[in-house]
Amino acid sequence: METRIGFGYDSHVFKKGVPLHLGGLLIDHPEGLAGHSDGDLLLHAVTDALLGAVSAGDIGSFFPPSDPRWKDADSAIFLNQARETLQHAGYRIVNIDTTLILAAPKIGPISAKMRARVADLLGLGTDQVSIKAKTPEGLNLDHVAQCHAVVLVERVIDPEELKTMSAVIENQSQIEEVVDDLLSSVPALPK
Ligand code: MG
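First things first, this report covers the structure right here in the doc.

The rules behind the values
Residues numbered from 1 in each chain as written. Predicted model: local features only at pLDDT ≥ 70, side-chain atom pairs only at ≥ 80, totals over all residues. Heavy atoms only, no water. Donors = N, O, S within 2.8 Å, 3.2 Å for Na, K, Ca; no water. Buried < 20%, exposed > 50% of the residue type's maximum accessible area, 1.4 Å probe, protein only. Helix = DSSP H or I, 4+ residues; strand = E, 2+ residues; numbered from the N terminus. Expected span 1.5 Å × (residues − 1). Salt bridge = Lys/Arg side-chain N within 4 Å of Asp/Glu carboxyl O. 1 Å grid on protein atoms, 1.4 Å probe; cavity = no way out; pocket = protein on both sides within 12 Å on 5 of 7 lines; lining within 4 Å. Points joined across faces, edges and corners; volume = space filled by probe spheres on them. Nonpolar A, V, L, I, M, F, W, Y, C, P; charged D, E, K, R; others polar. Polar contact = N/O pair within 3.5 Å; in protein donor to acceptor, adjacent residues only side chain to side chain. Contact = heavy atoms within 4.5 Å. Phe/Tyr/Trp six-rings, centres within 6.5 Å; stacked < 30°, edge-to-face > 60°.

### Considerations on the coordination of the magnesium ion
Surrounding the magnesium ion are the protein donor atoms D10 (OD), H12 (NE2) and H44 (ND1), which sit 2.0 to 2.2 Å from the metal. Taken in chain order, the donor set of the magnesium ion reads D-x1-H-x31-H. D10 sits in the buried class, given a relative accessible area of 16%.

Shown next, in the form of structure tokens:
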């Protein structure tokens with residue numbers, strides 16, 4: 001089995017009057033995470049880990065903050081793109097491990113729901129997704145949320161077979177088409 005690993009990291013600042021999107025969930029909290037998109041840094045860190053695992057760049061290369069299409073965008077779109085890129089490279093996810101670092105809200109009571117949501121977005125079992133949380137003790141960063149993510153992937157498609165597949169993303173125009181498709185295919189938030 002040929003395996004690779006990927007690592008992702010992100011941080012966002014808390015801001016009052018902004019909805020808190022975290023781990024694909026909308027969480028009831030007095031402040032949310034500022035960002036050009038919906039600010040879901042857990043999904044951003046996992047997206048970067050997936051892209052990193054197949055050396056496919058990072059979230060900014062696919063979804064530049066300068067592009068107005070991604071203003072307030074659902075970060076599930078970014079995750080979907082990374083999942084597709086991984087599949088097109090011939091790999092699948094073995095497991096994902098994440099650590100959130102934030103003072104509040106407490107993640108323990110909602111971590112099961114968050115794991116289920118991230119697993120659902122990626123077509124994985126919940127046992128393939130780990131979400132842990134720590135408080136930023138000693139860092140004086142209570143106004144910031146951070147997330148680290150690692151992913152293990154394994155090759156499922158032979159490189160020779162890949163060469164004959166027309167679905168391989170080769171240039172920016174094809175990426176744009178995939179992104180447009182994805183915009184209409186993101187699963188809705190659970191009620
Ligand atoms: Mg981010």
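Still more to cover.
### So, helix α3 (residues 76–88)
Between the first and last C-alpha of α3 there are 18 Å, a value that for 13 residues agrees with the 18 Å anticipated at 1.5 Å per step. Counting buried residues in α3 gives 10 out of 13 residues, a clear majority hidden from the surface. Among the residues making up α3, those that are buried are A76, I77, F78, L79, N80, Q81, A82, T85, L86 and H88. Looking one or two places after α3, you find G90, whose phi comes out positive at around 95 degrees.

### Considering the pattern of salt bridges
All told, the structure shown has seven salt bridges when counted by the stated rule. Note that E2 is salt-bridged to R155, the shortest N-O span being 2.9 Å. In this pair, E2 is assigned in the segment before β1 (3–16) and R155 in strand β7 (residues 144–155), connecting sequence segments 153 residues apart. The exposure class assigned to R155 is partly exposed, which follows from its relative accessible area of 23%. The salt bridge partner of R92 is E154, with a shortest N-O separation of 2.9 Å. On the criterion of sequence distance, the pair formed by R92 in strand β5 (residues 91–101) and E154 in strand β7 is long-range, its members being 62 residues apart.

### Structural notes on the layout of surface pockets
As a volume, the largest pocket reaches approximately 170 Å³. Residue lining of the largest pocket: H12, G35, H36, S37, H44, I59, G60, F63, P64, P65, W70 and F78, and that is the complete set. Among the residues making up the lining of the largest pocket, the classes are represented as six nonpolar, six polar and no charged.

### Thoughts on the side chain of Q146
Looking at the secondary structure, you find Q146 in strand β7. Look at Q146 and you get buried, because its relative accessible area is 11%. Side chain to side chain, Q146 and Y9 meet in a polar contact 2.9 Å long. Beyond its immediate stretch of four places on either side in the chain, Q146 contacts Y9, D10, S11, L41, T99, L100, I101, L139 and L141.

### Looking at the side chain of H21
With respect to the helices and strands, the residue H21 is situated in strand β2 (residues 20–22). The class of H21 is buried, set by a relative accessible area of 18%. Setting aside residues up to four positions removed in sequence, H21 forms contacts with L26, L33, D38, G39 and D40.

### Description of the packing of aromatic side chains
A complete count under the given rule lists four aromatic pairs for this structure. Judged by centre distance (6.3 Å) and plane angle (35 degrees), the rings of F62 and F63 are tilted. Classification of F63 as buried rests on a relative accessible area of 6%. Look at W70 and F78: their rings are 6.1 Å apart centre to centre, the planes differ by 80 degrees, and that puts the pair in the edge-to-face class. Aromatic ring contacts, followed pair by pair, group F62, F63, W70 and F78 into a single cluster.

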